[in-house]
Amino acid sequence: MTELLKKAYDSETFRQQGHELINLLADYLKSVHSEGDKTKVLNWTTPEDLLKKWKEDDAAALEPNPIPFFESILEDTIHMHHPKYVGHQTSNVLPVAALAELLGGFLDPGMGIYEQGTSGVALERLLIKKLAASFGMDPNEADGFFSSGGTLGNLTALLCARQVMIEKDVWEYGLEGKKYAFIASEEAHFSCDRATRVMGLGKDGLIKAPVNEKFQLDISRLEECYQNALEKGIQVIGVIANACSTAVGAQDPIDEIADFCEAKKLWLHVDAAHGGCVVYSEKYKHMLAGIARADSIIMDYHKMLMVPTLVTAVLFKNGDHSYQTFAQKASYLWDNQEGQEWFNLAKRTFELTKTSMSFRIYAILKTYGQQIFDESVTRVYDMAKVFSKMLVSNGNFQLPVAIPDSNIVCFRYFEEELSEEELDSINIAIRQQIKEEGAFYIVQTRIRGKYFLRVTVMNPFTTEKIMEQLIDKIISSKP
Ligand SMILES: *Cc1c(COP(=O)(O)O)cnc(C)c1O
């Protein structure tokens, strides 16, 4: 054995550096949770400056102690545990879930086949069945797996829908010049459009149905979308419901969409990447009414459920369907080429090797129970409603929807006399100022072409007082 390899695998060094890293992260967590703390959410640096910093670091001598590197990352990363981080829909990672990820990262079981994944595979099965039951599906019938993100989850579910719903075996023979499409609201996540294009359905592969004044799919327009497709010679495979949409956080009426799908014999896919988590909230789970009728659902654990990226559940009401997506043979992985072996996950997932996602979720549930999901999701949904009321009563803001369906709030600084161009440039300047200052982090979106500020409350430690400070900050950042 070489000296270098022996040193790099030294267990005592690992022990000591591991303790130091945990100390570093625990101190960071303590500081962002203490009032009056001066830690910024984001230490804004331009991409060029940061690349230059790392190039210089790379050119310098080797550093046998990794802790200064870890410290440097902590300094130049966005601080998602900070209660003033109210930007994108990213996870406010629970310490126990991060520890489980470290465990998974170190042991690194492959998960594609049972012999590699063992406990990770068994736990994945257990968690998927429990989640299906939470959504109101029959856990004996329903089945699924975890996948690497909502984008891949949507693609996998839609691929399955295509394989199940089309008479021709597209997997074997391709599209053969036929046109197929899914219908989704114009607010659907761009990964749906990307998925249908990847599937070879082209630009007409996702039919964008209009939304109502609350940005929810307008159910009264579905028939017309469907008929238009038929006239163009396009076979509609299914409808995608948003639970909720990404930009505005609007919740589509799943039950009514399910009625339509049932009547037309279409696949119903619910993109519940973000809002599926309310299934755990006693107060808000009614918003998902009808979701048990979906043929497929995806839900991200790495958004509201405090799990490190990426963990997405992909569920199928009829578990048999989950085996039809990919029909590839791989004799080096499994003997039984045709059989439904739940424990050989790669028969059904896009990935072959994937991380042991179930460790992170199980660690949370075993330690705190489902109650922790309920408390966190309910708090952030409540806080978004409180925040939107504060914005409305402030009088300086315009909101596309007065009360948000979810924890996503869009708004813009508004004055009657200003032109659209002026409003855009004022709001762009406000966000730039806030980002560069770094005390808060908010994002933006375009709604019907107009620039809006966007807040997603992801952190249950974000208080009403913090949201008041944010409003003051926005007003004072106005050019
Ligand atoms: C976030 C999101 C996605 C994409 O999920 P990733 O895990 O980021 O790939 C898809 N759909 C909706 C509605 C989302 O909010």
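Our structure's up above, just so we're on the same page.
Residues numbered from 1 in each chain as written. Predicted model: local features only at pLDDT ≥ 70, side-chain atom pairs only at ≥ 80, totals over all residues. Heavy atoms only, no water.

J.: Pulling in residues and values, what's your account of the overall build of the chain?
T.: Within the chain, the regular secondary structure consists of 16 helices and 11 strands. On C-alpha atoms alone, the chain measures out to a radius of gyration of 24 Å, which is about the 23 Å that the 2.2 N^0.38 rule sets for 479 residues. Seen through its C-alpha atoms, the chain measures out along the principal axes to roughly 75 × 60 × 45 Å. Residues classed as buried in the chain amount to 51% of the 479 residues present. (Helix = DSSP H or I, 4+ residues; strand = E, 2+ residues; numbered from the N terminus. Rg over C-alpha atoms; globule rule 2.2 N^0.38 Å. Buried < 20%, exposed > 50% of the residue type's maximum accessible area, 1.4 Å probe, protein only.)

J.: For the site of the ligand, give the residues involved together with the corresponding values.
T.: The environment of the ligand is formed by 15 residues, the closest being G150, T151, D271, H302 and K303. Between the ligand and T246 there is a distance of 3.1 Å, counted from an oxygen atom to a side-chain nitrogen or oxygen. Within the contact set of the ligand, an oxygen atom lies 3.0 Å away from a side-chain nitrogen or oxygen of K303. Within the complex, the protein chains bury 87% of what would otherwise be the 380 Å² of accessible surface of the ligand. (Near = heavy atom within 4 Å. Polar contact = N/O pair within 3.5 Å; in protein donor to acceptor, adjacent residues only side chain to side chain. Areas by Shrake-Rupley, 256 points an atom, 1.4 Å probe, with all protein chains shown as cover.)

J.: Account for the state of the cysteines, naming residues and giving values.
T.: Covalent bonding between the sulfur atoms of two cysteines is what defines a disulfide. Evaluation of the coordinates by the stated rule reveals 0 disulfides. Its sulfur unpaired, C277 is 9.0 Å from the next cysteine sulfur, which belongs to C244. By relative accessible area, C277 is classed as buried at 0%. Summary of cysteine pairing: C410 is not part of a disulfide, and the nearest cysteine sulfur, belonging to C244, is at 10 Å. Residue classification places C410 among the buried positions, given a relative accessible area of 4%. (Disulfide = S-S within 2.5 Å.)

J.: Tell me about the pattern of salt bridges, and please be specific about residues and values.
T.: For the coordinates displayed, the defined rule picks out 26 salt bridges. Where K52 meets E56, a salt bridge forms, and the shortest distance between an N and an O atom there is 3.6 Å. Taken together, the positions of K52 and E56, both in helix α3 (residues 47–59) and 4 residues apart, correspond to about one turn of that helix. Classification of K52 as exposed rests on a relative accessible area of 52%. (Salt bridge = Lys/Arg side-chain N within 4 Å of Asp/Glu carboxyl O.)

J.: Tell me about the sheet that holds strand β9 (residues 408–413), and name the residues and values.
T.: The strands making up a sheet associate through backbone hydrogen bonding, with each pair oriented either parallel or antiparallel. An order of β8-β9-β11-β10 is seen for the 4 strands of this open sheet, with the pairing classed as antiparallel. Pairing within the sheet leaves two strands with one partner each, and these edge strands are β8 (397–398) and β10 (443–447). Both β10 and strand β11 (residues 450–456) contribute to a ladder of 5 bridges, which runs antiparallel. Along β11, the bridge assignment pairs R446 with Y451. With respect to the sheet, helix α15 (residues 420–437) is in contact with β9, β10 and β11, its orientation differing from that of β11 by roughly 35°. (Pairing = 2+ DSSP bridges. Contact = heavy atoms within 4.5 Å. Axes fitted to C-alpha atoms, helices over the stretch in contact; angles between N-to-C directions.)

J.: Outline the side chain of D424, supporting the account with residue identities and numerical values.
T.: Structurally, the position occupied by D424 is in helix α15. What D424 contacts, discounting residues up to four positions off in sequence, is R446, G449, K450 and Y451.

J.: I'd like a description of the packing of helix α13 (residues 357–368) against helix α14 (residues 371–394), backed by residues and values.
T.: Direction vectors running N to C along α13 and α14 enclose 100°, while the axes themselves pass 8 Å from each other. With respect to each other, α13 and α14 are oriented roughly perpendicular. Only Q371, I372 and F373 of α14 make contact with α13, whose side of the interface consists of I364, L365 and Y368. Counted by class, the contact of α13 with α14 contains 5 nonpolar, 1 polar and no charged residues. (Parallel < 35°, antiparallel > 145°, perpendicular 65-115°, else oblique. Nonpolar A, V, L, I, M, F, W, Y, C, P; charged D, E, K, R; others polar.)

J.: Give me helix α2 (residues 11–32): which residues, what numbers.
T.: For α2, built from 22 residues, the straight-helix expectation of 32 Å at 1.5 Å per residue is met to within 8% by its first-to-last C-alpha distance of 32 Å. Along α2, the residues that are buried comprise L24, Y28 and V32. The arc that holds the buried residues of α2, viewed along the axis, is 65°, so those residues lie on one side. Exposed residues lying more than 90 degrees from the buried face of α2 are H19, D27 and K30. Lining the buried residues of α2 we find α4 (67–75). (Expected span 1.5 Å × (residues − 1). Arc of directions from axis to C-beta.)

J.: Kindly report on unusual backbone geometry, identifying the contributing residues and their values.
T.: Between A243 and the following residue, C244, the backbone shows a cis peptide bond with an omega angle of -5°. Residue L310 follows T309 across a cis peptide bond; omega there is -15°. Residue placement: L310 occurs in the loop between β6 (296–300) and β7 (312–316). The residue D108 is not glycine, and still its phi comes out positive at about 50°. For D108, the position within the fold is in the loop between α5 (95–107) and α6 (114–117). Not every positive phi belongs to a glycine, and R448 is a case in point at roughly 50°.

J.: Lay out the pairing of β9 with the relevant residues and their values.
T.: Looking down a regular strand, the side chains alternate between one sheet face and the other. Counting buried residues along β9, 6 of its 6 residues qualify, which places the element largely inside the surrounding structure. Here β9 shows a buried face lined by I408, C410 and R412 and a second buried face lined by V409, F411 and Y413. Pairing of β8 with β9 involves 2 bridges; the strand directions are antiparallel. Each bridged residue has a counterpart across the sheet, and for F397 the counterpart in β9 is Y413. As defined by bridge partners, β9 adjoins β11 across 4 bridges and the pair is classed as antiparallel. Bridging across to β11, C410 finds its partner in R454.

J.: Now, about the side chain of T349: what can you tell me, with residues and values included?
T.: Looking at where T349 falls in the secondary structure, it is placed in the loop between β7 and α13. Within the structure, T349 has its side chain in polar contact with the backbone oxygen of E351 (distance 2.7 Å). Dropping the residues within four chain positions of it, T349 is found in contact with F145, F146, F326 and K354.

J.: I'd like a description of the packing of aromatic side chains, backed by residues and values.
T.: By convention here, two paired aromatic rings are described through the distance between centres and the angle between planes. Inspection of the entire model under this criterion finds 16 aromatic pairs. Considering the side-chain rings of Y85 and Y441, the 5.4 Å spacing of their centres and the 20° angle between planes classify their relative orientation as stacked. In this pair, Y85 is assigned in the loop between α4 and α5 and Y441 in the loop between α15 and β10, connecting sequence segments 356 residues apart. Relative to F343, the ring of Y114 lies with its centre 6.2 Å away and its plane at 75°, an arrangement referred to as edge-to-face. With Y114 in helix α6 and F343 in the loop between β7 and α13, the pair connects residues that are 229 residues apart, well separated along the chain. Among the aromatic residues, those joined into a cluster by ring pairs are F387, F397, F411 and Y413. (Phe/Tyr/Trp six-rings, centres within 6.5 Å; stacked < 30°, edge-to-face > 60°.)

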